[in-house]
Amino acid sequence: MTATATATATAMPAATGGVSTRVVTGLKPTGRLHVGNYVGAVRPLLDLARSVGTQTLVFVADLHAMTVEHDPGRLRDQTRELAATLLACGLGDDATLFLQSAVPAHTGLAYLLECTAGYGEMARMIQFKEKAGAERGSARLSLLTYPTLMAADVLVYRADVVPVGDDQRQHLELTRTLARRFNARYGEVFTVPAAATPPSAARIRSLRDPAAKMGKSSSADGSVHLIDPPVRIAAAVRSAVTDLDPVLSYDPELRPGVANLAELLGALTGRTPHSALAGLRGAGALKAALTEVLVETLRPVRSRYAELVADPAELDRRMARGAAAAAALAAPTLAAVRAAMGIVDVGQASM
Ligand code: ATP
Ligand code: MG
């Protein structure tokens, strides 16, 4: 909890209201959002953002998409697409949504945090070891240092809670370590954030290969994307792998294909996978039910997305507004860190 916060339910935008819990999270623009991202990340975030006494900041982590070889045109497209998709999901209404790169305090703080972190502890990060090992010496330096940027992303807002997937758990632990170390060495500036795992979110698997997770950067064939048209959704579900047993049952071990569809249907309709199957006869009926729910759930997302894509200036305006709100929240923390570390503030140069 932040020391200054008091819970008040107001009709004010999240960025200006008094809050008791601040939640910060980022999503990397590395591919098209799919329904796994939706039930596992976007919808839990929407729920959080809409709960009283919570202030939620969500950013498109464009800088984190540059730690490995990247294509500028592709990064540009994927950044705008992710921003528009998140807005289309409603995240811009209840959360402060912005591009990470549009708030320079992130990188400003990241360098200062690098001055509190050790080479050894950074090189021990599992993600670094795995990815750098695969790249044999050609790995970007930012692959080693990005966990300090991640720490800055969170600490600069004095976040209380950070929703993290399993793969980012170690980086959040590092963030907590750096925050405690800083507070002990230079004075209490940071809030030490807690990790939040979305409540037993189902891991949605590829529709083509139920042994693999549905992923942004994996084969598009097995995925349903949030901005897919109904015909594409229907085709993807129709070609989902199931089995020959005509009687449906929920058995993730023995019937992974059917179980995956049941989990997705359950997650979308607020039921357990088992009860999502109730009343349905055969894989065809399950697929028809799932297609209908997916099409209906995603219809408004897709139409809002189309509006935003047709009006790029409006998308930019909304992102700029989000960045301004975020920058205002970040500025006092960065100023406090600079002062605590001994940086002399002579103000902005004027021409
Ligand atoms: P990539 O293939 O690039 O790793 P991804 O689809 O796994 O992409 P991430 O950016 O790694 O997406 O994760 C974004 C969020 O979506 C995280 O909170 C993660 O837990 C969640 N998520 C990703 N894939 C799934 C899935 N198949 N089912 C449920 N949640 C998922
Ligand atoms: Mg992933």
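Residues numbered from 1 in each chain as written. Chains lettered and ligands numbered in written order. Predicted model: local features only at pLDDT ≥ 70, side-chain atom pairs only at ≥ 80, totals over all residues. Heavy atoms only, no water.

### Looking at the domain arrangement of the protein
- In terms of domain boundaries, the protein breaks down into domain 1 (16-201 + 312-340) and domain 2 (205-309).
- When each unit is reduced to the centre of its C-alpha atoms, the spacing between domain 1 and domain 2 is 29 Å.
- Between domain 1 and domain 2, the contact holds 20 residues from the first and 19 residues from the second.
- Both faces considered, domain 1 and domain 2 share a buried interface measuring about 1900 Å² in area, 71% of it formed by carbon and sulfur atoms.
- Looking only at domain 1, the three residues that lose the most surface to domain 2 are H34, V35 and A88, adding up to 33% of its buried area. (Domains from an automatic or database assignment. Contact = heavy atoms within 4.5 Å. Buried area = accessible area lost by both parts, 1.4 Å probe.)

### A word on helix α1 (residues 35-50)
- At V42, α1 shows its maximal bend, which comes to roughly 35°, and the proline P44 appears one to four places after that position.
- When α1 is considered as a whole, its buried residues turn out to be V35, G36, N37, Y38, V39, V42, L45, L46 and A49. (Bend = angle between axes of the 7 residues up to and from the residue. Helix = DSSP H or I, 4+ residues; strand = E, 2+ residues; numbered from the N terminus. Buried < 20%, exposed > 50% of the residue type's maximum accessible area, 1.4 Å probe, protein only.)

### Quick word on the environment of L226
- Mapping L226 onto the fold places it in the loop between β5 (194-196) and α9 (230-238).
- When the C-alpha positions of L226 and A65 are compared, they lie 21 Å apart, and in sequence the two are 161 residues distant.
- For L226, the residues in contact, after removing those within four places along its chain, are L33, H34, V35, Y38, T85, C89, L298, V301 and R302.

### What about the site of ligand 1?
- Around ligand 1 lies a shell of 14 residues, among which H34, I204, K213, K216 and S217 are the nearest.
- The side chain of K216 places a nitrogen or oxygen atom 2.6 Å from an oxygen atom of ligand 1.
- Between S217 and ligand 1, the recorded distance is 2.6 Å, taken from a side-chain N or O atom to an oxygen atom.
- Considering ligand 1 on its own, with 590 Å² of exposed area, one finds that the protein chains cover 78% of that surface.
- There are two domains that each give the shell around ligand 1 at least three residues, and those are domain 1 (16-201 + 312-340) and domain 2 (205-309). (Near = heavy atom within 4 Å. Polar contact = N/O pair within 3.5 Å; in protein donor to acceptor, adjacent residues only side chain to side chain. Areas by Shrake-Rupley, 256 points an atom, 1.4 Å probe, with all protein chains shown as cover.)

### Section: the nonpolar core
- Grouped together as the largest cluster of nonpolar side chains are 54 residues, with contacts concentrated most on L86, V224 and L294.
- Elements supplying a minimum of two residues to this core: α1, β2 (54-60), α2 (72-88), β3 (96-99), α9, α10 (256-269), α12 (282-310) and α13 (312-341).
- Among the elements that line this core, the one with the most residues is α12, at 9 residues.
- Among the domains, domain 1 (16-201 + 312-340) and domain 2 (205-309) are the pair contributing at least three residues each to this core.
- Non-local contacts of L294, meaning those with residues more than four positions away in its chain, are made with V35, V224, I233, V237 and L268.
- One finds A105, F128, A152 and F182 within the second-largest nonpolar core, a separate group that totals 42 residues. (Core = buried A, V, L, I, M, F, W, Y, C linked by side-chain atoms within 4.5 Å.)

### Structural notes on unusual backbone geometry
- Of note in this structure, R158 is not a glycine but carries a positive phi near 50°.
- Taking the relative accessible area as the measure of exposure, R158 reaches 25% and is therefore partly exposed.

### Describing the confidence of the model for the protein
- On average, residues of the protein score 92 in pLDDT, and 93% of them are at 70 or above.
- Counting interchain partners and residues more than four positions distant, the pLDDT-below-50 stretch residues 1-16 has 25 contacts. (pLDDT = per-residue confidence, 0-100.)

### Remarks on the packing of helix α6 (residues 126-135) against helix α7 (residues 141-155)
- Running from amino to carboxyl end, α6 crosses α7 at an angle of 170°, the nearest separation of the two axes being 10 Å. Classified by the angle between their axes, α6 and α7 sit roughly antiparallel to one another. Note that α6 runs across α7; the crossing there is right-handed. Mapping the contact onto sequence places Q127, F128, K131 and A132 in α6 and L143, L144 and Y146 in α7.
- Here the residues of the contact of α6 with α7 sort into 5 nonpolar, 1 polar and 1 charged. (Axes fitted to C-alpha atoms, helices over the stretch in contact; angles between N-to-C directions. Parallel < 35°, antiparallel > 145°, perpendicular 65-115°, else oblique. Left-handed = near helix turned anticlockwise from the far one by under 90°. Nonpolar A, V, L, I, M, F, W, Y, C, P; charged D, E, K, R; others polar.)

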